[in-house]
Number of protein chains: 2
Amino acid sequence: MKAVVALGGNAIVGRDRRASIEQQFSATRKSMKSIVKMIKEGWHLVITHGNGPQVGAILLQQKMARSIVPPMPLHVCVSLTQGQIGYMIQNCLINELKKEGIKKDVATVITQVIVSKHDEAFKKPTKPIGPVYGEEEAKEMMKSYTMGKYGDGYRMLVPSPEPISIVESEAIKNLMEAGIIVIAAGGGGIPVVAEDGILKGIDAVIDKDLAAEKLASQIKADVLLILSDVDFVYLNYGKEGQRELKSVSAKELERYQKEGHFPAGSMGPKVEAAIRFVRNGGKETIITSIEKAWEALNGETGTHVHA
Amino acid sequence: MKAVVALGGNAIVGRDRRASIEQQFSATRKSMKSIVKMIKEGWHLVITHGNGPQVGAILLQQKMARSIVPPMPLHVCVSLTQGQIGYMIQNCLINELKKEGIKKDVATVITQVIVSKHDEAFKKPTKPIGPVYGEEEAKEMMKSYTMGKYGDGYRMLVPSPEPISIVESEAIKNLMEAGIIVIAAGGGGIPVVAEDGILKGIDAVIDKDLAAEKLASQIKADVLLILSDVDFVYLNYGKEGQRELKSVSAKELERYQKEGHFPAGSMGPKVEAAIRFVRNGGKETIITSIEKAWEALNGETGTHVHA
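Everything numeric here is computed off the predicted structure, so don't read it as measured data.

*Asks:* Can you lay out the overall build of chain A for me, pointing to particular residues and giving the numbers?
*Replies:* When helices and strands are tallied, chain A shows 10 helices and 17 strands. In terms of C-alpha radius of gyration, chain A reaches 19 Å, essentially the compact-globule figure of 19 Å for 307 residues. Taken along the three principal axes of its C-alpha coordinates, chain A extends 55 × 45 × 45 Å. In chain A, of all internal contacts separated by at least 6 residues, the share reaching a separation of at least 24 is 73%. Accessible area of chain A: about 12400 Å², with a carbon and sulfur share of 48%. A distance of 1 Å separates the average location of the 39 positive side-chain charges in chain A from that of its 36 negative side-chain charges.

If you want it as structure tokens, here you go:
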């Protein structure tokens, strides 16, 4: 059985967004424990992950050093974080497997994701990323980026377009089928547009769960496992009448989605990815916490979405 | 036929070490032209590359931002540059292949390289990297790093240990055999030490040509193609009696090496890698310039080293 596992931000940095690299390695190591269980039981895995705190740190460093080192475009920053987080996961996973006496290869594949330059998202960038800038700096930044008011200052606003296709899916599939655990499409992938087949990086951030769905569908995974901070998807989350969803059809979930149960900034894209995956031929999407990942895969907990 | 191609720094950044990202993409695109020729003729390639200017830029950004963002260890910085440069090569190569009507997959694999913690290099770090620091900053840096006098200031000095083994060689081999072009072991690889089989990142820089040799031997490549700024290895380079080497045995080359023809900072490690590769069972090492790569592979130019 093949699964794409989408790790949430906390899986890598823990709850402190300013975690040091040692803390990041330690959080990653801990997160690998449920991953190791899946591998032990014979699952073929492709792991994807977010990159919010890491890309934020790079943008902040670029901001501080911009008088000396020209800042790099956002698509290049994503490639940097794929290298960094891929290394951390790959290193921790090899070690945790080793401790269990399992000899298995792990490889990170740098991944580009095609988006459309006609995507509506490019007309109005809405996703705030990176550090807060003062007025003067923000004015300079406006030459290259859309900046939005944020408290007393400004933040970079970037478009969040739809993922259309994973460029490196053949390589990823190939490794997975050879029994190698793959880390891919980190941070939602490096966004590129295709003009006459020529791929060109573009400044945007693709939602990581939607990218994970695209990847899972393209490599024909059986299961898409989305790991977040909560054990279930809830109706009326944090409100009166809160209720966990255990087993739900795409149609039913879509109805709840339309009723506004899932906020755009958190559960929204996960639910959207869940629906898309089973409609694109996937057997099941599971949404649960990293701690419960293995139990959820065994059907003991978590929200299970089917066609 | 299988070849490992080691790209020199100029292949990515051109001759200006402070090249902007656009200039870097443009230099990379140009460098891909001879690579495309090899692929067209049916060669299976694994590409490695240096990362000097890129890791220098990251260290400089970390220096400028260190009051706000904790600097990352050097092994993590190497992983960042593998992501960045891998993306640039992979993007440019896919596009150049496309222009020639070739549909081929390209994938970057983040690569760890095992070194020994008992390597003599760790006793006395000698390789200067990154920006120049003032006295006060240097004193602070000395808490974590060895710093060496450099003109009026100080630079970080790092150990350059021997590569022992490429951790991700199975994944790299697998992709290559599936006809996918692989970019791997960038910047000499991420240095890790193994303690009871547990891999731990360590601050060091592995020579990229020696890492390329290790990779080529481990995946049983036929040819190791080392691309530098000059078309040949020369005896008495830049001196009276300068003479290019066309075809040379490992034994003969070793003699010239002992006579001091090849400086440690430039041709030295390339010659050492060349000798090691053919002694480890490789058919041939070729040292030439990126412009002449294809002609050299065809036996028309370049220095050819055999056992």
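*Asks:* Lay out the relation of the copies chain A and chain B in plain terms, naming residues and giving numbers.
*Replies:* By a simple turn and slide, chain A fits onto chain B: the slide is 0.0 Å along the axis, the RMSD is 0.0 Å, and the turn is 180°. As the rotation angle and translation indicate, the two copies are arranged about a two-fold axis. A shared binding surface is used by both copies, with 100% of the interface residues of chain A retained as interface residues in chain B.

*Asks:* Give a description of unusual backbone geometry that names residues and reports values.
*Replies:* Positive phi outside glycine occurs at A:Asp196, with the angle close to 50°. By the secondary structure assignment, A:Asp196 is in the loop between β10 (190-195) and β11 (198-201).

*Asks:* Could you give me a rundown of helix α3 (residues 52-64) of chain A, with the residues and numbers involved?
*Replies:* Residue and element names in this part refer to chain A. Given a rise of 1.5 Å per residue, 13 residues ought to cover 18 Å, and the 18 Å separating the end C-alpha atoms of α3 matches this to within 8%. Of all 13 residues making up α3, 10 are buried, and the element is well covered by its neighbours. Listed as buried for α3 are Pro-53, Gln-54, Val-55, Gly-56, Ile-58, Leu-59, Leu-60, Gln-61, Gln-62 and Lys-63.

*Asks:* So, the sheet that holds strand β5 (residues 127-133) of chain A: which residues are in play, and what are the values?
*Replies:* All names here are of chain A. Taken together, 3 strands build an open sheet; the order of strands is β5-β7-β6 and the sheet is antiparallel. At either end of the open sheet lies a strand with only one pairing partner, and these are β5 and β6 (146-150). Neighbour-to-neighbour, the strand axes of the sheet open up by a mean angle of 40°, direction not taken into account. Sheet topology note: the β5/strand β7 (residues 153-158) ladder contains 4 bridges and is antiparallel. Paired with Lys-127 across the strands is Val-158, a residue of β7. Along the sheet face, α3 touches β5 and β7 and points at about 40° away from the line of β5.

*Asks:* Any chance you could break down the pattern of salt bridges for me, citing the residues and the numbers?
*Replies:* All names here are of chain B. Throughout the structure, instances matching the rule amount to 36 salt bridges over all chains. Of the charged contacts in the structure, one is a salt bridge between Lys-33 and Glu-96, with a shortest N-O distance of 3.0 Å. Of this pair, Lys-33 sits in helix α2 (residues 21-40) while Glu-96 is found in helix α4 (residues 74-99), placing the two residues 63 residues apart along the sequence. The class for Lys-33 is partly exposed, based on a relative accessible area of 47%. Residue Glu-96 is classed as buried on the basis of its relative accessible area, which comes to 5%.

*Asks:* Please set out the state of the cysteines residue by residue, giving values where relevant.
*Replies:* The tally for this structure, following the rule as stated, stands at 0 disulfides over all chains. No disulfide involves A:Cys77; its nearest neighbouring cysteine sulfur is the one of B:Cys77, lying 14 Å away. Residue A:Cys77 is classed as buried on the basis of its relative accessible area of 0%. Its sulfur unpaired, B:Cys92 is 17 Å from the next cysteine sulfur, which belongs to A:Cys77. Here B:Cys92 falls in the buried class, since its relative accessible area comes to 1%.

*Asks:* Account for the sheet that holds strand β7 (residues 153-158) of chain B, naming residues and giving values.
*Replies:* All names here are of chain B. Pairing in this open sheet of 3 strands is antiparallel, and the strands run β5-β7-β6 from one edge to the other. Every other strand in the sheet has two partners, leaving β5 (127-133) and β6 (146-150) as the edge strands with one partner each. Geometrically, the sheet is characterised by an average inter-axis angle of 40° between neighbouring strands, direction not taken into account. This element, helix α3 (residues 52-64), spans β5 and β7 of the sheet and lies at about 40° to β5.

*Asks:* An account of the nonpolar core is requested, with residue identities and associated values reported.
*Replies:* Grouped together as the largest cluster of nonpolar side chains are 122 residues, with contacts concentrated most on A:Leu7 and B:Leu7. By size, the runner-up hydrophobic cluster in this structure holds 94 residues, among which are A:Ala171, B:Ala185, B:Val193 and B:Ala221.

*Asks:* Quick one: what's the story with the interface of chain A and chain B, residue by residue and with numbers?
*Replies:* Chain A puts 53 residues into the contact, and the matching count from chain B is 53 residues. A combined buried area of about 4300 Å² lies between chain A and chain B, and 67% of that area is made up of carbon and sulfur atoms. Contact with chain B buries surface across chain A, with A:Gln61, A:Met64 and A:Tyr87 losing the most and accounting together for 15% of the total. At the junction of chain A and chain B, the tally comes to 0 salt bridges. Connecting chain A to chain B are 14 residue pairs in polar contact (both at pLDDT 80 or more).

*Asks:* Describe helix α8 (residues 250-258) of chain B, with residues and values.
*Replies:* Residues and elements named next belong to chain B. Within α8 the residues assigned to the buried category are Ala-250, Leu-253 and Tyr-256. Taken end-on, α8 shows its buried residues confined to a sector of 120°, consistent with a single buried face. Of the residues in α8, the exposed ones pointing more than 90 degrees away from the buried face are Lys-251 and Lys-258. Buried-residue contacts for α8 involve β13 (233-235), β14 (243-245), β15 (247-249), α9 (267-279) and β17 (303-306).

Analysis parameters
Residues numbered from 1 in each chain as written. Chains lettered and ligands numbered in written order. Predicted model: local features only at pLDDT ≥ 70, side-chain atom pairs only at ≥ 80, totals over all residues. Heavy atoms only, no water. Helix = DSSP H or I, 4+ residues; strand = E, 2+ residues; numbered from the N terminus. Rg over C-alpha atoms; globule rule 2.2 N^0.38 Å. Contact = heavy atoms within 4.5 Å. Areas by Shrake-Rupley, 256 points an atom, 1.4 Å probe, with all protein chains shown as cover. Lys, Arg positive; Asp, Glu negative; His and termini not counted. Charge placed at Lys NZ, Arg CZ, Asp CG, Glu CD. Least-squares fit on C-alpha atoms with pLDDT ≥ 70 in both. Expected span 1.5 Å × (residues − 1). Buried < 20%, exposed > 50% of the residue type's maximum accessible area, 1.4 Å probe, protein only. Pairing = 2+ DSSP bridges. Axes fitted to C-alpha atoms, helices over the stretch in contact; angles between N-to-C directions. Salt bridge = Lys/Arg side-chain N within 4 Å of Asp/Glu carboxyl O. Disulfide = S-S within 2.5 Å. Core = buried A, V, L, I, M, F, W, Y, C linked by side-chain atoms within 4.5 Å. Buried area = accessible area lost by both parts, 1.4 Å probe. Polar contact = N/O pair within 3.5 Å; in protein donor to acceptor, adjacent residues only side chain to side chain. Arc of directions from axis to C-beta.

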